[in-house]
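Chain residues, written in single-letter form:
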Amino acid sequence: MYESILEKDPDDLESRWLLNLAYMTLGKYPSQVPSRWFIPRMTDTTYRINAFEDIAQGLKLNLSNMAGGVIAEDFNQDGYLDIVTSAWGLQEPMHYFRNNRDGTYTDVTTQAGLDRITGGLNMVQTDYNNDGLIDIFVLRGAWMGKFGEQPNSLLKNNGDGTFTDVTTTSGLLSFHPTQTATWNDFNNDGWLDVFIGNETEGSLMNILKVHPCELYLNNQDGTFTEVATKAGCAITGYVKGVTSGDYDNDGRPDLFLSTMDGNRYLLKNQGMMGGMLHFEDVSDQAGLRRESGNSFPTWFWDYDNDGWLDIFVCDYTFRHALSFYEAAEALNKSVGSNGTVYLYRNNHDGTFTNVAESADLRKTVFSMGANFGDIDNDGWLDMYLGSGNPSFKSLVPNKMFKNLGGRKFADVTASARVGNVQKGHGVSFADLDNDGDQDVYIDMGGAYVGDVYPNSLFVNPGQNTNNWIGLVLEGTRTNRAAIGSRVKVTFRENGVRRSVYRDVNSGGSFGASPLRREIGIGQATVIDEIEVQWQRTGKKQVFRNIKPNQFLRLKEGNDQIEPLNLKKTEFKDENGLLCRTPLAVLTHQSPKKP
């Protein structure tokens, strides 16, 4: 079919790319692709890693649904990570998969009372009442225009395997279209607040209805008060992603907003002024409005391990199917920079510089759901981008990028075998089997009822012999979940002293990784120091001479380290058979550097 189309229209880059993809699916790329239609370099294997494997079906985690979110988290306090999903369709319920601690999962949605909670394009975890139990915040109404005035849901974890909807009693009931929120202690009182990015659709002269962003401060009694206008952060825009982090290292969590109307907002937290929390828009001074383009997923991260948070954001200007841009890129044709990646490096002076081009990230991805983690435990943060477009005919491969020492990123999608061409949405990086390396769960499926698709769990095959440490932080004066606290892990690798920096958060703006910090330390055999800077007080607590490859609990103000005796599990299906294919079978050749 594609060959017939190309005979009539040789310049149809989309069909040319899909033709090559079809040959690839049949195992006939590149040798049997007709030479006149051949596209080279469709699979970048300059830097190879071991192949991941999708084992969701064997674990019965391959839930088929429309676009949705995912949280990987320990909801029942047994130390093992569970999985909760949501879906966009108003008839689609949430799903709660409990980790059985033996390599299997059980769907306990009905028992948890979550089968009655429907809709929700995205979710994020929190501990809003400081009881040590992880709660869930479900976000609704995104992309739905005038039909998007739907309530979000705050689901209280009761500690007995059930959840209760406390949206109304908590004061969080409102009716705005959204899919993005970030929890942090913005006023440094030891309790988590929430900022919600809402969608205002239309041009300045033709706005259908104004839906300003919301900021709810925690009243410390299970209720919240909305203060966005008073706090100077009631931004009006088509907001698609929000993230929070302390970009200027002044001890106060700031905000970054990504929008589909071409604006990006960096809101600096000025602290309490006249009895009220106040934010200042410093986007222009920071250099974040110099480049055009609509944008979607975003996050703060320290990708170069210099102790200062950088910003990642993806453009989502969609004029052609991604296959068009993929083909143009491979054939060195200039077609513009729609759907590209922006990587803003922190200059340590309140400004940022987009270094995407020098980092080899000036690529077309059209990312929606996305998150970051460390796939090979080398201490450098990598990322997996769930790409998507609502069109039925759109085939948009997801992308995995490996961080090469904080300088460049390599596209390892092909060798990792994670380039699913269905719609990619919520993404979680999480060590689900406690073997020390991070697996990736992604919510698939599109925006239409007929475009449902099974979710994927890409299990990490283990890339090398790098070591790691897993840290569960518990605040006392700081919020109990320790969100916003900072971790610095220092060690010597091959005689060279280096540090790795991590914040406690759920990662990206679409999909939630666990709050447990899973940190790679490369070839180091001992950790010299683990320094925790607790969010509320800014006080630093140092733990020295730590043995790697174990899970630990660190409690604010307590110098005693609590080992968490979590066993490594092997993923199994309902018949007790292993879900994973041996690495030697998956990998045709050893990983090699460029």
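By the naming in an unreviewed UniProt entry, the chain is CRTAC1 family protein, taken from Larkinella bovis.

(A) Molecular detail of the nonpolar core. Of all hydrophobic cores here, the largest spans 53 residues; its most connected members are Met94, Ile136, Phe137, Trp183, Leu471 and Ile530. When residues of this core are assigned to their parent elements, the largest contribution, four residues, is made by strand 8 (residues 135-139). Formed by 19 residues, the second largest nonpolar core is a distinct cluster that contains Val341, Leu343, Met383 and Leu385.

(B) Structural detail: the sheet that holds strand 36 (residues 540-546). In space, the four strands of this open sheet follow the order 33-32-35-36, with antiparallel pairing throughout. Pairing within the sheet leaves two strands with one partner each, and these edge strands are strand 33 (496-503) and strand 36. Each strand of the sheet is rotated relative to its neighbour by a mean of 15°, with strand direction disregarded.

(C) Structural detail: helix 2 (residues 13-25). With 13 residues, helix 2 extends 18 Å from end C-alpha to end C-alpha; this agrees with the ideal 18 Å at 1.5 Å per step. Burial in helix 2 covers these residues: Leu13, Ser15, Arg16, Trp17, Leu18, Leu19, Asn20, Leu21 and Tyr23. For helix 2, the N-terminal capping position is held by Asp12, with its side-chain oxygen 3.2 Å away from the main-chain nitrogen of Glu14.

(D) The arrangement of the UniProt feature "domain: ASPIC/UnbV" (unreviewed entry) in the chain in detail. Using the residue numbers shown here, the UniProt feature "domain: ASPIC/UnbV" (unreviewed entry) corresponds to residues 482-552. Overall, residues 482-552 shows 0% helix and 54% strand. The separation of its end C-alpha atoms is 14 Å.

(E) Structural context of the environment of Val242. With respect to the helices, strands and loops of the structure, Val242 is situated in strand 15 (residues 239-245). A sequence separation of 267 residues divides Val242 from Ser509, and the C-alpha atoms of the two residues are 6.0 Å apart. Not counting residues up to four positions away in its chain, the partners in contact with Val242 are Thr180, Ala181, Thr182, Phe195, Gly197, Phe256, Leu257, Thr298 and Ser509.

(F) Here's a closer look at the pairing of strand 30 (residues 456-459). Residues Ser456 and Phe458 of strand 30 are buried on one face, and the alternating residues Leu457 and Val459, pointing to the opposite face, are buried as well. The sheet contact formed by strand 1 (residues 53-54) and strand 30 spans two bridges and is antiparallel. Each bridged residue has a counterpart across the sheet, and for Asp54 the counterpart in strand 30 is Phe458. Here strand 28 (residues 439-444) runs beside strand 30; their pairing, made up of three bridges, is antiparallel. Bridge pairing links Val440 to Phe458 in strand 30.

(G) Spatial organisation of the packing of aromatic side chains. Per the counting criterion, the structure on display carries 25 aromatic pairs. Ring centres 5.6 Å apart and planes at 90° place the aromatic pair Phe296 and Tyr316 in the edge-to-face group. Here the residue Phe296 occupies a position in strand 19 (residues 295-301), and Tyr316 occupies one in the loop between strand 20 (310-315) and helix 7 (322-330), the gap between them amounting to 20 residues. By the burial criterion, Phe296 is buried, and Tyr316 matches it.

(H) Fine view of the sheet that holds strand 26 (residues 408-411). Judged by pairing direction, the sheet is antiparallel, and its four strands sit side by side in the order 23-24-25-26 without closing on themselves. At either end of the open sheet lies a strand with only one pairing partner, and these are strand 23 (367-373) and strand 26. Along the sheet, successive strands turn relative to each other by an average axial angle of 25°, direction set aside. Here strand 25 (residues 399-404) pairs with strand 26 via four bridges, running antiparallel. Bridge assignment links Lys402 to a residue of strand 26, and that residue is Ala410.

What counts, and at which threshold
Residues numbered from 1 in each chain as written. Predicted model: local features only at pLDDT ≥ 70, side-chain atom pairs only at ≥ 80, totals over all residues. Heavy atoms only, no water. Core = buried A, V, L, I, M, F, W, Y, C linked by side-chain atoms within 4.5 Å. Buried < 20%, exposed > 50% of the residue type's maximum accessible area, 1.4 Å probe, protein only. Helix = DSSP H or I, 4+ residues; strand = E, 2+ residues; numbered from the N terminus. Pairing = 2+ DSSP bridges. Axes fitted to C-alpha atoms, helices over the stretch in contact; angles between N-to-C directions. Expected span 1.5 Å × (residues − 1). Polar contact = N/O pair within 3.5 Å; in protein donor to acceptor, adjacent residues only side chain to side chain. UniProt positions renumbered as here; feature names shortened; annotations may be inferred. Contact = heavy atoms within 4.5 Å. Phe/Tyr/Trp six-rings, centres within 6.5 Å; stacked < 30°, edge-to-face > 60°.

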